[in-house]
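# Report on the structure
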Amino acid sequence: GAGARADPANRLVHFSLYRAGDPVRALKAAKTIVDDYAAATTTIDDLDLDNAKGSLASGLVEAEKTKSQALAASWRRALLGLPADRDKRFLDAIAHVDKPRTLAALRRYVVPLFADDTAITALACPPGKIANIADDFRKPNVQLETYADDVLDAFKPPAALRRRKPAPRATVVAVAAAAAAALAAVVVLRGAKK
């Protein structure tokens, strides 16, 4: 499977592949799909875009389906200084996502997830596959590190991540990502400046 999510507080977009028998081939296939959409050699289907927008709206509703979840979300918005009607704005923004905005977001936020100079790739695999997978990922000018299970608890993020500044106020409206056989849409809406 595949998934994508935005982390605006840390200015990151995460793309994940899971349960892949051959993660190197799966990553290359996902990159090809993303590149094909970005180059417009593969077009975004209207139904796929509508389904992606529906999935985002459904996720928003699902996150606040109980009174306690809605209360926690309300407190979280208040503590973060977000407007009380953030969810309504979010839903309105999702409704206005179109193909050109999806392509622009894909080119700006998703294509870099597959570029050696901008992406940080992490992979969890059985110990017996580490050497082969590491060999498949080795490239000139790419730093590759492997960690055994016993040292992961002491893992420190790469310096590039530790130096990131907090994100400006922004609300993620949608995240466009394409994976092995699916397309999910992404768009970012900047919050109003005070």
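Scroll up to find the structure.
Computed from a predicted model, the values in this text were never measured in an experiment.

A few words now on the packing of helix 1 (residues 23-38) against helix 6 (residues 130-137). At a minimum axis separation of 10 Å, helix 1 and helix 6 run at an interaxial angle of 30°. One finds that helix 1 runs roughly parallel with respect to helix 6. When helix 1 is examined against helix 6, the residues Pro23, Val24 and Leu27 are found in contact with a partner set consisting of Ile133, Asp136 and Phe137. Of the residues contributing to the contact of helix 1 with helix 6, the split by class is 5 nonpolar, no polar and 1 charged.

Let's shift gears to the nonpolar core. Grouped together as the largest cluster of nonpolar side chains are 13 residues, with contacts concentrated most on Val34, Tyr37, Ile44, Leu106, Val110 and Phe114. Taken together, the elements giving at least two residues each to this core come down to helix 1 and helix 5 (99-110). For this core, the element with the highest residue contribution is helix 1, accounting for 5 residues.

Applying the stated criterion across every chain yields a total of 8 salt bridges. Here Asp87 ties to Arg77 by a salt bridge, and the two come within 3.2 Å at their closest N and O atoms. A residue pair is termed long-range when its members are at least 10 positions apart, and Asp87 in helix 4 (residues 86-95) and Arg77 in helix 3 (residues 67-80) qualify at 10 residues. With respect to class, Asp87 is no different from Arg77; both count as buried. A salt bridge links Arg89 to Asp85, with the shortest nitrogen-to-oxygen separation between them at 3.2 Å.

The end-to-end C-alpha separation of helix 3 is 20 Å, in line with the 20 Å expected for 14 residues at 1.5 Å each. Positioned one or two residues after helix 3, Gly81 has a phi angle of 75°, which is positive.

Another aspect to go through is unusual backbone geometry. At Arg19, a position not held by glycine, the phi torsion is positive, near 55°. Backbone geometry at Ala40 places phi at a positive 65°, although glycine is not the residue there. Locating Ala40 in the fold gives a position in the loop between helix 1 and helix 2 (46-63). The class of Ala40 is partly exposed, set by a relative accessible area of 45%.

Further remarks concern the pairing of strand 2 (residues 12-17). Where strand 1 (residues 2-7) lies against strand 2, 6 bridges are found, and the strand directions are antiparallel. Note that in strand 2 the partner of Ala4 across the bridge is Phe15.

Here the focus is a nonpolar patch on the surface. A cluster of nonpolar residues, Leu71, Trp75 and Leu79, forms a patch on the protein surface that exposes about 400 Å² of accessible area. Within the secondary structure, Leu79 is located in helix 3. Residue classification places Leu79 among the exposed residues on the basis of a relative accessible area of 71%.

Quick notes on the rules
Residues numbered from 1 in each chain as written. Predicted model: local features only at pLDDT ≥ 70, side-chain atom pairs only at ≥ 80, totals over all residues. Heavy atoms only, no water. Axes fitted to C-alpha atoms, helices over the stretch in contact; angles between N-to-C directions. Helix = DSSP H or I, 4+ residues; strand = E, 2+ residues; numbered from the N terminus. Parallel < 35°, antiparallel > 145°, perpendicular 65-115°, else oblique. Contact = heavy atoms within 4.5 Å. Nonpolar A, V, L, I, M, F, W, Y, C, P; charged D, E, K, R; others polar. Core = buried A, V, L, I, M, F, W, Y, C linked by side-chain atoms within 4.5 Å. Buried < 20%, exposed > 50% of the residue type's maximum accessible area, 1.4 Å probe, protein only. Salt bridge = Lys/Arg side-chain N within 4 Å of Asp/Glu carboxyl O. Expected span 1.5 Å × (residues − 1). Pairing = 2+ DSSP bridges. Patch = residues over 30% accessible without salt bridge, like charges linked within 9 Å, V, L, I, M, F, W, Y side chains within 5 Å. Areas by Shrake-Rupley, 256 points an atom, 1.4 Å probe, with all protein chains shown as cover.

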